[in-house]
Amino acid sequence: MKRLPRLALAAALFAGSLAGIPSLAFAGNLPAAIDGSVTVMHTNDIHGSYKYSYNAGTVGFDGLAVLYSAQGNGPDLLLDAGDTFHGQSFATMSEGKSIAELMDTFYADGYDATTPGNHDWSYGADKLRTMTGYSTTGTPFAMLCANAKSTSGVWSSSITKTLNRTWKDDEGSSTFDYKIKVGVVGAMDESLGSSLRADLIEGTSFSGAVDAINAEAKRLREDEDCNVIVCIAHTLNAKTFAAQLNGVDALVAGHEHINLDENVTGADGKSVRVVEAGSAFAEVGLLSVPYEYDTKGTESTDDDTVAVYADKSDEKLYTAKDVNVLLTDPNKGSTYQSILDEVHDNKIKPLDDAFSAASSEVIGTSSTNYFYGENASGTHGWEMVRTTDFRPSKEGDTTKAQTIGHVICGSYLDLTGADLAIENAGGIRGGIAAGDVTAGNVIAISPYGNTVETWTMTGADFLAALEHSLQISDECNHSYELQQAYVAAGHTEQEAQDMYKWRDDSGSVLSFGGINVTIDWTQPEGKRIVSATLTKDGSTLDPAKTYTVATTPTTTSSPTRPTSPPSQTPPSTPSGVPASQR
């Protein structure tokens, strides 16, 4: 670190010696403390969303480039908190490589780091661990998971980044250069790891995420001399997670699909700023963490210290509307439009063209609309598949009933010959419109690379699972009605979901096949199913009889999971942690 300009310093010292003035008089211009901040632009749970759309409310990588450039010198770090490489067909068909390439190359130096979300493991642990550097022209981002260990390779725990800072006096004639070193540590909640398919994580184990982060944060401060520690984590409950952290200044979280900006007291008694930016690239966060650099009033940097005031941090959320504001700015709009076009035409379009070619192959036809949501565009798909699978949202309105889940379960029955089939709502992410059906349409329905398994359940257990699912759906329906009323009052969809939250296990609502049921919604949980008959022969479901049930591994890890057949051990997953929920 040095003070500039050197010639000015030498002249001042020389003049001081001639005049009998102490040489420290010039150093008095340097304040005892310099205020600054570390800025972190962040995303989470983009689930394969990738390009800007004002109408769809998606920022995308091209919109992100516009927001990034609008920050002047740019943010100090660009981080992601997981569930990134999986979800949209664009990502799934390339096994995440298309998203990784955009993260590398979309603008400036791309992302600095990400951490895995539970869905990111769908291509296997080894592919995920090496999911960086797919472009020869990009700067590879880091894949951080401090609590993961693999027999086939080493997972990175953290990165460091040294930020060069310059202080100037009011006249700009004197400057002082100093450095701030930032450590970034990443991890995934180990409880999410327990819900993953065994074959996808073979040879990989997960230790406690909190312990791993705390140990790495301590190492970064003591051995790497980091001044600021930022954690990126995919976790079930960000605030509860943050309360256990030690030596961490900020937590950039993912998995909950919410907008979050709160101070939480960590295990060391210090504030941790906790932020999360919605999902599906609908929001991008910009976190500013303030610090005070103590110069001691001298040029020497040997004893300088840095104090971080995480509780004074500032978080801003940007949406597609904010991108549009920049694009239509009368002074700089043309510049921002050029940036958007550059990223779209040179980075996104080549990948889009390759995806379109692969996904446009027609593999069949459908005579019926099996929508995911209200229409072929998937409007409110996430919400409605949880609430209207068994009943329309309004009395007498049958057009919005979600039948795609039953089509999926029917395919499981055809494939396996099982008696019954179930699929959780969290594993359904698309529908089928009438007409030609393409490979991309099919992948979009269930993009998570699941396998179909057969298990056994008694009739009583199957009915109990459906009854519990109906209760979850009923409560989701109530939340959805409140959300839509809130939107009608002028609020955004995200604000409505933040105000009237879904149940934590909303993804465990079950679609089913192989059975016809009559439901009385006026009855309490456990008494709503009036009758249940098998579709294959019309016989009444026998509570005492054992039936074969076709389903997916993510459904067997949900709270409504079936019992295990004698020859199979069910996944060890805590109740209430549906793997496909988010």
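Residues numbered from 1 in each chain as written. Predicted model: local features only at pLDDT ≥ 70, side-chain atom pairs only at ≥ 80, totals over all residues. Heavy atoms only, no water.

### Concerning the overall build of the chain
Counting secondary structure elements, the chain contains 17 helices and 24 strands. Looking at the 582 residues of the chain, the share that counts as buried comes to 51%. Here the contacts in the chain between residues at least 6 apart in sequence split such that 71% fall between residues at least 24 apart. (Helix = DSSP H or I, 4+ residues; strand = E, 2+ residues; numbered from the N terminus. Buried < 20%, exposed > 50% of the residue type's maximum accessible area, 1.4 Å probe, protein only. Contact = heavy atoms within 4.5 Å.)

### Looking at the sheet that holds strand β18 (residues 420-424)
Spatial strand order, β20-β24-β18-β21: 4 strands in an open sheet with mixed pairing. Unpaired on one side and paired on the other, β20 (453-458) and β21 (510-513) mark the two borders of the sheet. Strand after strand, the sheet turns through a mean of 35° between neighbouring axes, direction not considered. As paired strands, β18 and β21 are joined by 4 bridges and run antiparallel to one another. Among the inter-strand pairings, N424 is bridged to a residue of β21, identified as L510. On the sheet, helix α13 (residues 404-416) packs against β18, β20, β21 and β24 (546-551) and is oriented at approximately 135° with respect to β18. Along the sheet, helix α15 (residues 459-488) makes contact with β18, β20, β21 and β24, crossing β20 at roughly 100°. (Pairing = 2+ DSSP bridges. Axes fitted to C-alpha atoms, helices over the stretch in contact; angles between N-to-C directions.)

### Thoughts on the environment of H478
Of note, H478 is situated in helix α15. Judged by relative accessible area, which is 48%, H478 ranks as partly exposed. Separated by 22 residues in the primary sequence, H478 and Y500 have C-alpha atoms spaced 9.2 Å apart.

### Description of the nonpolar core
The biggest cluster of nonpolar side chains holds 50 residues, and the ones touching the most others in it are F61, L64, F85, I99 and Y111. Breaking this core down by element, the ones donating at least two residues are α3 (60-69), α4 (89-92), α5 (97-105), α6 (125-129), β14 (284-294), α10 (320-327) and α11 (333-359). L30, A142, I180 and V182 belong to the second-largest nonpolar core, a separate cluster that totals 27 residues. (Core = buried A, V, L, I, M, F, W, Y, C linked by side-chain atoms within 4.5 Å.)

### Focus: unusual backbone geometry
Phi angles above zero are rare outside glycine, and D83 is one such case at about 55°. With respect to the helices and strands, the residue D83 is situated in the loop between β3 (77-80) and α4.

### A few points about the side chain of T551
Its place among the elements puts T551 in strand β24. The buried category is assigned to T551, whose relative accessible area is 0%. Within the structure, the side chain of T551 is placed 2.9 Å from the backbone oxygen of I422, a separation counted as a polar contact. (Polar contact = N/O pair within 3.5 Å; in protein donor to acceptor, adjacent residues only side chain to side chain.)

### Topic: the packing of aromatic side chains
Following the criterion strictly, the structure yields 15 aromatic pairs and no others. Relative to F90, the ring of Y50 has its centre 3.6 Å away and its plane inclined at 10°; by these criteria the two rings are stacked. Placement of Y50 in the loop between β2 (33-43) and α3 and of F90 in helix α4 is noted, with a sequence separation of 40 residues between them. For Y50, a relative accessible area of 10% puts it in the buried group. (Phe/Tyr/Trp six-rings, centres within 6.5 Å; stacked < 30°, edge-to-face > 60°.)

### Regarding the packing of α5 against α11
With their axes 11 Å apart at the nearest point, α5 and α11 run at an angle of 170° to one another. Between α5 and α11, the crossing angle belongs to the class labelled roughly antiparallel. For the pair formed by α5 and α11, the contact residues are S98, E101, L102 and T105 on the first element and K347, I348 and L351 on the second. (Parallel < 35°, antiparallel > 145°, perpendicular 65-115°, else oblique.)

### Notes on the environment of L327
Among the secondary structure elements, L327 is positioned in helix α10. Taking the C-alpha atoms as reference, L327 lies 5.5 Å from Q337; in sequence the two are 10 residues apart. L327 has contacts with Y52, V66, G333, Y336, Q337 and L340, leaving out every residue within four places of it along the chain.

### A closer look at α11
Approximately 45° is the largest bend angle found in α11, and it occurs at I348, with the proline P350 only one to four residues beyond. For α11, every residue scored as buried is listed here: G333, Y336, I339, L340, V343, I348, L351, D352, F355 and S359. On its buried face, α11 is in contact with α3, α4, α5, α10, β19 (435-438) and α14 (439-445). (Bend = angle between axes of the 7 residues up to and from the residue.)

### Some words on the pattern of salt bridges
All told, the structure shown has 18 salt bridges when counted by the stated rule. Here K218 makes a salt bridge to E222, at a shortest N to O gap of 3.0 Å. Taken as a pair, K218 and E222 lie in helix α8 (residues 209-222) at a separation of 4 residues, close to a single helical turn. Ionic pairing is found between R219 and E224, a salt bridge with its closest N-O pair at 3.2 Å. Residue E224 is classed as partly exposed on the basis of its relative accessible area, which comes to 26%. (Salt bridge = Lys/Arg side-chain N within 4 Å of Asp/Glu carboxyl O.)

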